[in-house]
Amino acid sequence: MHRLQPVLAQTLGEKLVLPARTLDSLDAFFARFREVTRVMIDGTERPIAHPQDPEAQQANYSGKKKRHTRKHLAAVDATKRVLVLSKAREGKLHDKRFHDEDDIAGSVSDAIPIEVDLGFLGLQKEYNNIHLPHKKPRGKALSATQKEENRALSQSRVVCENAFAGVNRYNAVSGVYRNRIKDFDDRLMLTATGLWNFYLLAA
C-alpha cells in the first residue's frame, strides 16, 4: 500500500479528479469548478486507534462521535463530487473553528449558495451566500415555516452525506485507522476521494 498509493494518487491527479487541498481566491475556484452552481461544506470524521499519548488522546477525542477521530472538512457539489478536501486535523476541533482556519467559503463566489449545518453557526455573519438551518430558540419552538425550510435544506444537503458514504466504501478510510506513519491517513483520504470522483466521472 505504501508503495502503490503515491502511484495511484499521481494517476488520479493526471485525470484531474483529486479534490483541491486549498483554494485561495475566486479565480482559483472558477478555474477548476466553473460549472458548479451549489456547494455544501461539512466535516467528516474517521476513527483512529486509541492514542497512547495523553495530549493526543485529548486532542483527538470527538465529543460528537464519542471516540478518537481525525477530521476533514470537505466541499461537495450537487453531483456528489468532492471539490475541496482539507488536511486531516484532530477530531476535537469544532467545524466552525476548523473552517475559520481553512476558509473554504472565502474562495466561493457570492453568487453560489453554500449550504452548511449548525456546526458552522456564525459563518452567515461573514458571508452573504451561507444557507443555515434555523436554530431552535431556548424555551421556544420553531414556526411551521421554519421547520419546513429546515426540512428542505436537509433534503438538499443530503447530497453531502451521500458523497461521504461513497468515499467510505473504501475500507482504508472507513475502518479504525491504526497506522503510525505521519500524515499517511491524510494521503489515504485524498486518494479515496479521488477514486470516488473518478467513479462519478466514469459512471
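Throughout what follows, the structure given in this document is the object of discussion. From a predicted model like this one, the values you see are computed outputs, not experimental measurements. (Residues numbered from 1 in each chain as written. Predicted model: local features only at pLDDT ≥ 70, side-chain atom pairs only at ≥ 80, totals over all residues. Heavy atoms only, no water.)

**Describing the overall build of the protein**
Secondary structure summary: the protein contains 7 helices and 7 strands in total. Beginning at the N terminus, the succession of helices and strands in the protein can be written as α-α-β-α-β-β-β-β-α-β-β-α-α-α. For a compact globule of 203 residues, the expected C-alpha radius of gyration is about 17 Å, and the protein comes in at 17 Å, within 12% of that figure. Going through the 203 residues of the protein one by one, you find that 44% of them count as buried. Expressed as a percentage of contacts within the protein between residues at least 6 apart in sequence, the contacts between residues at least 24 apart total 63%. Summed over its atoms, the accessible surface of the protein is roughly 11400 Å², and 52% of this surface lies on carbon and sulfur atoms. Positive and negative side-chain charges of the protein, numbering 33 and 25 respectively, have mean locations separated by a distance of 6 Å. (Helix = DSSP H or I, 4+ residues; strand = E, 2+ residues; numbered from the N terminus. Rg over C-alpha atoms; globule rule 2.2 N^0.38 Å. Buried < 20%, exposed > 50% of the residue type's maximum accessible area, 1.4 Å probe, protein only. Contact = heavy atoms within 4.5 Å. Areas by Shrake-Rupley, 256 points an atom, 1.4 Å probe, with all protein chains shown as cover. Lys, Arg positive; Asp, Glu negative; His and termini not counted. Charge placed at Lys NZ, Arg CZ, Asp CG, Glu CD.)

**Quick look at the packing of helix H5 (residues 144-167) against helix H7 (residues 184-202)**
Contact pair H5 / H7: the axes reach a minimum separation of 9 Å and the direction vectors enclose 110 degrees. Comparing the axis directions of H5 and H7 gives the class roughly perpendicular. In this structure, H5 uses Asn162, Ala163, Gly166 and Val167 to contact H7, whose residues at the interface are Met189, Ala192, Thr193 and Trp196. Of the residues belonging to the contact of H5 with H7, the class tally is 5 nonpolar, 3 polar and no charged. (Axes fitted to C-alpha atoms, helices over the stretch in contact; angles between N-to-C directions. Parallel < 35°, antiparallel > 145°, perpendicular 65-115°, else oblique. Nonpolar A, V, L, I, M, F, W, Y, C, P; charged D, E, K, R; others polar.)

**Considering the pattern of salt bridges**
Under the counting rule described, the total for this entry stands at 15 salt bridges. A salt bridge links arginine 70 to aspartate 185; its shortest N-O distance comes to 3.2 Å. Of this pair, arginine 70 sits in strand S3 (residues 67-77) while aspartate 185 sits in helix H7, placing them 115 residues apart in sequence. Accessibility expressed as a relative area gives 7% for aspartate 185, which makes it buried. Notably, a salt bridge pairs lysine 71 with aspartate 95, separated by 3.1 Å at the nearest N-O pair. Here the residue lysine 71 occupies a position in strand S3, and aspartate 95 occupies one in helix H4 (residues 95-102), the gap between them amounting to 24 residues. Classification of lysine 71 as buried rests on a relative accessible area of 4%. (Salt bridge = Lys/Arg side-chain N within 4 Å of Asp/Glu carboxyl O.)

**Description of the nonpolar core**
Counting residues in hydrophobic clusters, the biggest one holds 24 residues, and the most contacted among them are Phe29, Val39, Ile41, Ile114 and Ile130. Within the residue set of this core, elements represented by two or more residues are helix H2 (26-33), strand S1 (39-47), S3 and strand S4 (82-85). With residues near it in sequence (within four places) discarded, valine 39 still touches Phe29, Ala75, Val76, Leu83, Val108, Ile112, Pro113, Ile114 and Glu115. Counting 22 residues, the second-largest nonpolar core is a separate cluster that includes Ile48, Phe164, Phe184 and Leu188. (Core = buried A, V, L, I, M, F, W, Y, C linked by side-chain atoms within 4.5 Å.)

**Overview of the side chain of threonine 193**
In this fold, threonine 193 is placed in helix H7. Residue class for threonine 193 comes out buried when judged on its relative accessible area of 2%. The contact partners of threonine 193, leaving out residues within four places of it in the chain, are Pro19, Val82, Leu85 and Val167.

**Quick notes on unusual backbone geometry**
Here lysine 80, not a glycine, exhibits a phi torsion of approximately 80 degrees, which is positive. Looking at the secondary structure, you find lysine 80 in the loop between S3 and S4.

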